[in-house]
Structures are given as structure tokens and as C-alpha cells.
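Next come the chains, spelled out residue by residue.
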Amino acid sequence: MKRVWLHSGVWFGLVGASAALTHMGVFALLRHHWWPELANVAGFVVAFGLSFVGHRWLSFADSATALGQSFRRFAVTALAGFACNEAAFVLFYRLLNWPSLLALFLAMVIAAGQTFVFSRFWAFRR
């Protein structure tokens, strides 16, 4: 059991980092042309597909849930994580006046913990 958690956690980190870099890249390209909050939404949308595929087939490869069920659950999980991300981003960027990339990075770190727990115990439950 411990080995499964380690394997799952390593893949979760790698897939999550790839999705986060994708998210941040889209955000960085758009933040000067759009409101930063909308650039954050665009980054999330682009990274969502990469994240689902990676988590389904790598992080939680031993999932007992059907593909469609996992997708629906992951969508809810990801949207909940994004709500957390956007709220933290607005707090850091608008209220605390932090630089946008730093605010986004910290918001993504906070949301990642929530997303892992929801993914492990619900979206890709074993």
C-alpha cells in the first residue's frame, strides 16, 4: 500500500508540474492583454486536458472507476481546485498587490493540495 501511494504521489507531482507549467505559460502570454483573472481561467482550461489524461493514466492508473465517471468527478475536482486557485490569486494579486506570476504560483500550490485529496479519495478512488 505504501508503494502505491509513493508511485501515485510521484506521478501526481510530475503531471501536476506539467499542467502547472502549461497553465502558467498560457497565463504569462495573456496577462498583459487580458485581465489577469481571465488569463488565469484560460490557463486552467488549457491545462485541464493535460491534467486529466496524465492523472487518469499515470497518477491513478489503478483506478477502479470508469473513464466517464472519472472524467466527471475530475471535472468537479478540478473546478473546485480552480475556485480555490482563483480566490487565492485575487487575494494575493488584488488585495496584497503581489506580482501576478508570484500570486498565481502560490495560488496554484494551495489548490494542488486540495486537488490531490479530492482526486485520490473521490475522482480516481481505488
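See the structure printed just above.
Worth saying up front: this structure is predicted, and the values here are computed from it rather than measured. (Residues numbered from 1 in each chain as written. Predicted model: local features only at pLDDT ≥ 70, side-chain atom pairs only at ≥ 80, totals over all residues. Heavy atoms only, no water.)

> Explain the layout of surface pockets here, please?
A volume near 530 Å³ is recorded for the largest pocket. Every residue lining the largest pocket is counted, 25 residues in all, and those nearest its centre are Gly16, Ala19, Ala20, Met108 and Ala112. Tallied by class, residues from the lining of the largest pocket come to 17 nonpolar, eight polar and no charged. (1 Å grid on protein atoms, 1.4 Å probe; cavity = no way out; pocket = protein on both sides within 12 Å on 5 of 7 lines; lining within 4 Å. Points joined across faces, edges and corners; volume = space filled by probe spheres on them. Nonpolar A, V, L, I, M, F, W, Y, C, P; charged D, E, K, R; others polar.)

> I'm lost on the packing of aromatic side chains in this one. Help?
The geometry of an aromatic ring pair is captured by the separation of the ring centres together with the interplanar angle, meaning the angle of the planes. Evaluated as defined, the whole model comprises 10 aromatic pairs. With centroids separated by 6.1 Å and ring planes inclined at 55°, the aromatic side chains of Phe44 and Phe48 adopt a geometry described as tilted. Separated by four residues within a single helix, Phe44 and Phe48 lie in helix 2 (residues 36–59), roughly one turn from each other. Considered together, Phe44 and Phe48 belong to a single accessibility category, that of buried residues. Taken together, Phe44, Phe48, Phe52, Trp57, Phe71, Phe74 and Phe82 form an aromatic cluster joined through their ring pairs. (Phe/Tyr/Trp six-rings, centres within 6.5 Å; stacked < 30°, edge-to-face > 60°. Helix = DSSP H or I, 4+ residues; strand = E, 2+ residues; numbered from the N terminus. Buried < 20%, exposed > 50% of the residue type's maximum accessible area, 1.4 Å probe, protein only.)

Remember that the coordinates give geometry; whether it matters functionally is a separate question.
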